[in-house]
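These are the residues of each chain, in order.
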Amino acid sequence: MINIGVLALQGAVREHVRALEAPDVNVVVVKKALQLEEIDGLVFPGGESTTMRRLINLYGFYEPLKQFAREGKPVFGTCAGAILMAKEIAGQPEPHLSVMDMTVERNAFGRQRESFEAYLPMKHVGEDIEAVFIRAPIIQSVGPEVEVLAEYDGQIVAAQEGPFVACSFHPELTEDDRFHQYFVQVVRDSIKVGVTAE
Amino acid sequence: MEKRTGTERVKRGMAEMQKGGVIMDVINAEQAKIAEEAGAVAVMALERVPSDIRAAGGVARMADPTIVEEVRDAVSIPVMAKARIGHIVEARLLEALGVDYIDESEVLTPADEVFHLNKSDYTVPFVCGAKDLGEATRRIGEGASMLRTKGEPGTGNIVEAVRHQRLIQAQVRKVISMSDDELMTEAKNLGAPFHVLQDIRETGRLPVVNFAAGGIATPADAALMMHLGSDGVFVGSGIFKSDNPEKFGRAIVEATTHYDDFSLIAELSKDLGVAMKGIEISTLEAKDRMQDRGW
């Protein structure tokens, strides 16, 4: 069994739990920092990034989350989750957890009335991924080690840097679990690598 | 790559992102910033909080657009605003101002006593109040993307929100357990759209997020509403009518996230100063009961 956590401070937690389901996956709803020790991979759900960051500090998650990423354990962030992961946030002096080499721009498509859905081709995942963008950020630029997984209208909307995967839309809001299952595979592979290294 | 805005999924999804959070009433940019700093997931831009609307009497309308714009420009979290029940133009106007969610609200004086807004027509999503499952599903049928209990706004008294949330949850449980031949009669009895009840029975839950609202005055009140199955809470008059809004706001946010951590909530509840005074419901005259507005 592999254990994948969903950070449950605020936001769309239940949807991620459902999308991660697989016969060899045990999904853990993470509310306390100690639980990070039990898991092999972690999802940062969509929600409000400002709120989540405040709660991360408040509940002593900041350092443990940085440590989790430093150990190279897989992390998947959707929308607000991607903002938490970015090394830089346009127009903001400080990033949040700074685990992935990319610059994000918040609310880049506009306000809620500009929120939309569209089908996208995504590298390694599929040609027709349903993507729901809600007050979504974009990934303005990525570092040399980062692979762009998907673009919409010339803007980067999904990317991967080794064990770290981020997207600006909400795969958890669709019935299409391919992107989540891709992340589950990233977690499986990271465990195999860990075993060989030992 | 065809782009579709204002779809049901995009509108309902916006509310899904607010789950586990607190939405706070604010009347200016300064309060909005305090709310954001305290960890609110959204703010509701108003001209007056419900307890002041109650005190002022007269006709309560949509806020001055200047206030909505001021709040919108002050924070990066979503901004909601209230339109009168059935007031098509107030709703269109708020949509044009770029608010992220409209509350078709009984806190304001209804513009139409027969028809609620046809919310499916709009690109912007709507939240609506409900006292029971019939009302909740009628609003969903009209296109509401989020629900909240009506409670009794501006009273600082939680009893009505508790009544509404308990009733809705009990009625959902009943629908889930029904057989095919019982469902239509239930739809008739509740005055509920049949297809929404079918949806509830199939998925085992309401198709949209359901927050608590109306009378939440303390961190313990917020935690109680979460305990009863609310997806999050709206706090109206409670925060900025308290002695120390910063501290009060933070305490309510924390109590909402960790609603099952009672020693934490005990800590949070210390030295918060005086909460809003509150009104006993039985002393309200029928004309002052906001929850009876709308149908």
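Residues numbered from 1 in each chain as written. Chains lettered and ligands numbered in written order. Predicted model: local features only at pLDDT ≥ 70, side-chain atom pairs only at ≥ 80, totals over all residues. Heavy atoms only, no water.

Under the annotation held in an unreviewed UniProt entry, chain B carries the name Pyridoxal 5'-phosphate synthase subunit PdxS and is attributed to Alkalicoccus saliphilus. Regarding chain B, the relevant UniProt record gives this comment under Subunit (unreviewed entry): "Homohexamer and homododecamer. In the presence of PdxT, forms a dodecamer of heterodimers." On record in UniProt, under Catalytic activity (unreviewed entry), the comment for chain B is "aldehydo-D-ribose 5-phosphate + D-glyceraldehyde 3-phosphate + L-glutamine = pyridoxal 5'-phosphate + L-glutamate + phosphate + 3 H2O + H(+)". (UniProt positions renumbered as here; feature names shortened; annotations may be inferred.)

As annotated in an unreviewed UniProt entry, chain A is Pyridoxal 5'-phosphate synthase subunit PdxT from Alkalicoccus saliphilus. In its Subunit (unreviewed entry) section, the UniProt record describing chain A reads: "In the presence of PdxS, forms a dodecamer of heterodimers. Only shows activity in the heterodimer."

**Regarding the UniProt feature "binding site: D-glyceraldehyde 3-phosphate" (unreviewed entry) in chain B**
The UniProt record annotates "binding site: D-glyceraldehyde 3-phosphate" (unreviewed entry) at Arg166 of chain B. On the secondary structure map, Arg166 of chain B appears in helix 7 (residues 159-176). (Helix = DSSP H or I, 4+ residues; strand = E, 2+ residues; numbered from the N terminus.)

**Remarks on the state of the cysteines**
Two cysteines joined by a covalent bond between their sulfur atoms form a disulfide. Residues and elements named next belong to chain A. Under the criterion given, the structure shown has 0 disulfides over all chains. The cysteine Cys79 is free of any disulfide, with Cys167 supplying the nearest cysteine sulfur at 8.3 Å. By relative accessible area, which is 0% here, Cys167 ends up buried. (Disulfide = S-S within 2.5 Å. Buried < 20%, exposed > 50% of the residue type's maximum accessible area, 1.4 Å probe, protein only.)

**Observations concerning the UniProt feature "active site" (unreviewed entry) in chain A**
Within the UniProt annotation, "active site" (unreviewed entry) is assigned to Cys79, His170 and Glu172 of chain A. Spanning 94 residues, the named residues form one tight spatial group whose C-alpha atoms are at most 10.6 Å apart. The residue Cys79 of chain A is located in the loop between strand 4 (75-78) and helix 4 (80-85) in this model. Not counting the four nearest positions on each side in its chain, Cys79 of chain A is found in contact with Ile134, Ala136, Pro137, Cys167, Ser168, Phe169 and His170 of chain A. Looking at the secondary structure, you find His170 of chain A in the loop between strand 12 (164-167) and helix 5 (178-197). Here His170 of chain A is in contact with Gly46, Thr78, Cys79, Val132 and Ile134 of chain A together with Met17 of chain B, once residues within four sequence places are set aside. Side-chain polar atoms of His170 of chain A contact the side chain of Glu172 of chain A, separated by 2.7 Å. (Contact = heavy atoms within 4.5 Å. Polar contact = N/O pair within 3.5 Å; in protein donor to acceptor, adjacent residues only side chain to side chain.)

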